[in-house]
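Spelled out from the first residue to the last, the chains are:
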Amino acid sequence: MSYKQRHDGRKPDELRKIEAKVGVIKNADGSAFFKIGNTEAYAAVYGPRDLFPKFLQSPARGILRCNYNMMPFSGSGERVRPGQNRRAKEISMVTEKALMPLLDLDEYPRSVVDVFIELPQTEAGSRCAGICAAAMALADAGLTMKDMVSAVSVGRVDDAIIVDLDYFEEAYEDGPVADIPIAVMNRSKELTLLQMDGQIPKEMLIKAIEMGKAACDKIYAVQKKALQEKYFDEGA
Amino acid sequence: MGEVLVKEKEIVIPGQVLVKGMDAFPGSGSYRDKEEIYSSRLGIVYLDGRAIKVVPVSGVYMPKIGDMVIGRVFDITMNGWRIELNCTYPSMMSLKDATSDYIQKGADLTQYYNIGDYVVCKITNVTSQKLVDVSMREPGLKKLSGGRIFKVSPSKVPRIIGKKGSMISMIKLSTGCRIVVGQNGLAWISGDLENEFIALQAIKKIEDQSHCSGLTNSIKEFLEEKTGKKIEGVEQNEL
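Counting of residues starts from 1 at the beginning of each chain's written sequence and follows it residue by residue. Starting at A for chains and at 1 for ligands, labels are handed out in the order in which the entities are written. The model is predicted, so local features are restricted to residues of pLDDT at least 70 and side-chain atom pairs to those at 80 or more, both for listing and for counting; the totals for chains, interfaces and linings are taken over all residues.

K.L.:
I'd like a rundown of the overall build of chain B, residues and numbers included.
P.N.:
Per the secondary structure count, chain B includes 5 helices and 17 strands. C-alpha extents for chain B along the principal axes are approximately 65 × 50 × 25 Å. The exposure label follows from counting other C-beta atoms within 10 Å of a residue's C-beta, where the C-beta atoms are placed from the backbone and the thresholds are 20 or more for buried and 12 or fewer for exposed, leaving partly exposed in between. Within chain B, the proportion of its 239 residues that are buried is 35%. Within chain B, residue pairs in contact and separated by at least 24 positions form 53% of the contacts whose partners lie at least 6 positions apart. By the criteria applied, helices consist of DSSP H or I runs no shorter than four residues and strands consist of E runs no shorter than two, each listed in order from the N terminus. Once C-beta atoms are placed from the backbone, any two residues with those atoms within 7 Å are in contact.

K.L.:
So what's going on with the overall build of chain A? Which residues, and what values?
P.N.:
A count of helical and extended segments in chain A gives 4 helices and 10 strands. Mapped from its N terminus to its C terminus, chain A presents α and β elements in the order β-β-β-β-α-β-α-β-β-α-β-β-β-α. The principal-axis extents of the C-alpha atoms in chain A amount to approximately 55 × 45 × 35 Å. Burial status across chain A gives 48% buried among its 236 residues. A separation of at least 24 residues holds for 72% of the contacts in chain A among residues at least 6 apart in sequence.

K.L.:
For the nonpolar core, give the residues involved together with the corresponding values.
P.N.:
As used here, a nonpolar core is made of buried Ala, Val, Leu, Ile, Met, Phe, Trp, Tyr and Cys residues. They are joined through C-beta atoms within 7 Å. In terms of nonpolar packing, the biggest core is built from 86 residues, with Ala43, Ala133 and Met136 of chain A touching the most fellow members. Looking at this core, the element that brings in the most residues is helix 2 (residues 126-140) of chain A, giving 11 residues. With 41 residues, the next largest nonpolar core counts Val60, Ile123, Val132 and Ile206 of chain B among its residues.

K.L.:
Give me the interface of chain B and chain A: which residues, what numbers.
P.N.:
If you look at the interface, chain B gives 20 residues, while chain A gives 28 residues. Polar here means any residue outside two lists: the nonpolar Ala, Val, Leu, Ile, Met, Phe, Trp, Tyr, Cys and Pro, and the charged Asp, Glu, Lys and Arg; Gly therefore counts as polar. Across the side of chain B that touches chain A, the residue classes break down as 9 nonpolar, 8 polar and 3 charged.

K.L.:
Account for the environment of serine 58 of chain A, naming residues and giving values.
P.N.:
Inspection of the secondary structure assignment puts serine 58 of chain A in the loop between strand 3 (39-50) and strand 4 (63-70). Separated by 36 residues in sequence, serine 58 of chain A and valine 22 of chain A place their C-alpha atoms 30 Å apart.

K.L.:
Which residues make up helix 1 (residues 86-99) of chain A, and what are the values?
P.N.:
Residue and element names in this part refer to chain A. Taking 1.5 Å of rise per residue, 14 residues should cover 20 Å, and helix 1 covers 20 Å from first to last C-alpha, within 8% of that figure. Turning to helix 1, its buried residues are Ile91, Ser92, Val94, Thr95, Ala98 and Leu99. Packing partners of the buried residues in helix 1 comprise strand 4, strand 5 (111-121), helix 2, strand 6 (149-157), strand 8 (177-185) and strand 9 (191-194). The span expected for a helix works out to 1.5 Å for each residue beyond the first.

K.L.:
Summarise the sheet that holds strand 5 of chain A; cite the residues concerned and give the values.
P.N.:
To summarise the sheet geometry, strands pair through backbone hydrogen bonds and adopt either a parallel or an antiparallel arrangement. Residue and element names in this part refer to chain A. One requirement defines pairing of two strands: DSSP has to find at least two bridges between them. Read across the open sheet, the 5 strands follow the order 1-2-3-5-4; overall the sheet is mixed. Two strands lie at the open edges of the sheet, namely strand 1 (18-22) and strand 4, each paired on one side alone. The average undirected angle you get between the axes of adjacent strands in this sheet is 15°. In this analysis, axes come from line fits to C-alpha atoms, helices being fitted only over the stretch in contact, and the angle between any two N-to-C directions falls in the range 0 to 180 degrees. The strands that helix 1 touches are strand 4 and strand 5; relative to strand 4, the one it contacts most, it runs at about 140°. The strands touched by helix 2 are strand 1, strand 2 (30-36), strand 3, strand 4 and strand 5; relative to strand 2, the strand with the most contacts, the crossing angle is about 150°.

K.L.:
How would you explain the packing of helix 3 (residues 166-175) of chain B against helix 5 (residues 215-227) of chain B if you had to name every residue and give the values?
P.N.:
Residues and elements named next belong to chain B. Between helix 3 and helix 5, whose axes approach to 10 Å, the crossing angle comes to 10°. As summarised for this structure, helix 3 and helix 5 are arranged roughly parallel, according to the angle between their axes. Touching Ser166, Met167, Met170, Ile171, Ser174 and Thr175 of helix 3 are Thr216, Ile219, Lys220, Leu223 and Thr227, all from helix 5. What sets the label is the angle itself: under 35 degrees gives roughly parallel, over 145 gives roughly antiparallel, 65 to 115 gives roughly perpendicular, and the rest give oblique.

Structure (structure tokens):
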């Protein structure tokens, strides 16, 4: 049996419904909200600010710290135990590495930029939503950035190559599945995040990433609009 | 100038192409990569001859030489005061920069400035490692007593002050309050309660509408309505 028709009627390269908003958290230096399908992410950026404990400070450049957190009732199943776990630590780390190429922190020695990503509701693709929100929040915080980053998951379900897998597709059991979250810098089209869960042949992977890059362009357009809207609305 | 892809005063985001071609210069908030100039900030584009710059619309304050700022004394050392400037880095005011008085060796420094005092000072030096020096030996720089401190967005301070101080002097004139706005986003106000409130409302209004044109006029109308006094002799200079 093959996966011909996506269960929610989307085309293979069609994304779930996206919403984005910038400036949602008043006390943060920069903040953003990103929703894709049923996955919601809030990102708050604080800094550059003083870094303690002092031994973490780097005299050469500022550092970036990310924190990914799924809220206790954000999943569709059981309550998630609050706080750090191995999965959250790993995702925090890859988020940091996905965002670091954008930033130029040489200007801010001995300081830290803190990024907090909170997910009140998740249904697959949460690290991608987190990165999309964090990129907008970093821009909103007025930091020097080379570029913007957009992220989406691509993959295969049975023989079909699709973008933006939802939970049903990730958990598909009648054939092989691969879930590949990617993050793409908009200008250079370089990948800053590439992970994989499952298995996929080389040709399919190359095609999937190409589709992911096209999908990231669509996400970029939404991010750009959200960033510009914050300042247009205030002006109106 | 090459092919300009943005309009003046358009809001751009990091990584957006501003200009194609080699005959334009990237100013602050932008950078060149091969043929194109890109924005590196979320901000508003200004074209100035062949130069293009992006003025950020948000962000924390970064100390700059020559800025007049308001700071809080948070520590006293052997040779001066350490002052917090509402930004990432603390600053240092040495004894000779603090006052023109002669300070004897071993004198009690708290009689000049104590911990918790707010001062108006000027940034005299910023090193590459962001060690900041401030001075108070210039006219108009003083310790702030009475009144209260409030925060404004550092990127909107130029708008609050206005061209040659036109906006802030209008508010001072109409409300009779004494106001100091530091470049670092800390501000101080002193006056009677009602007028202080009107002045704060006006400043909040400027912050909210900082991108509108005709702001001076709408603030003028607002102040006239609230105080019931006519404002005269305010120049109409708009961006």
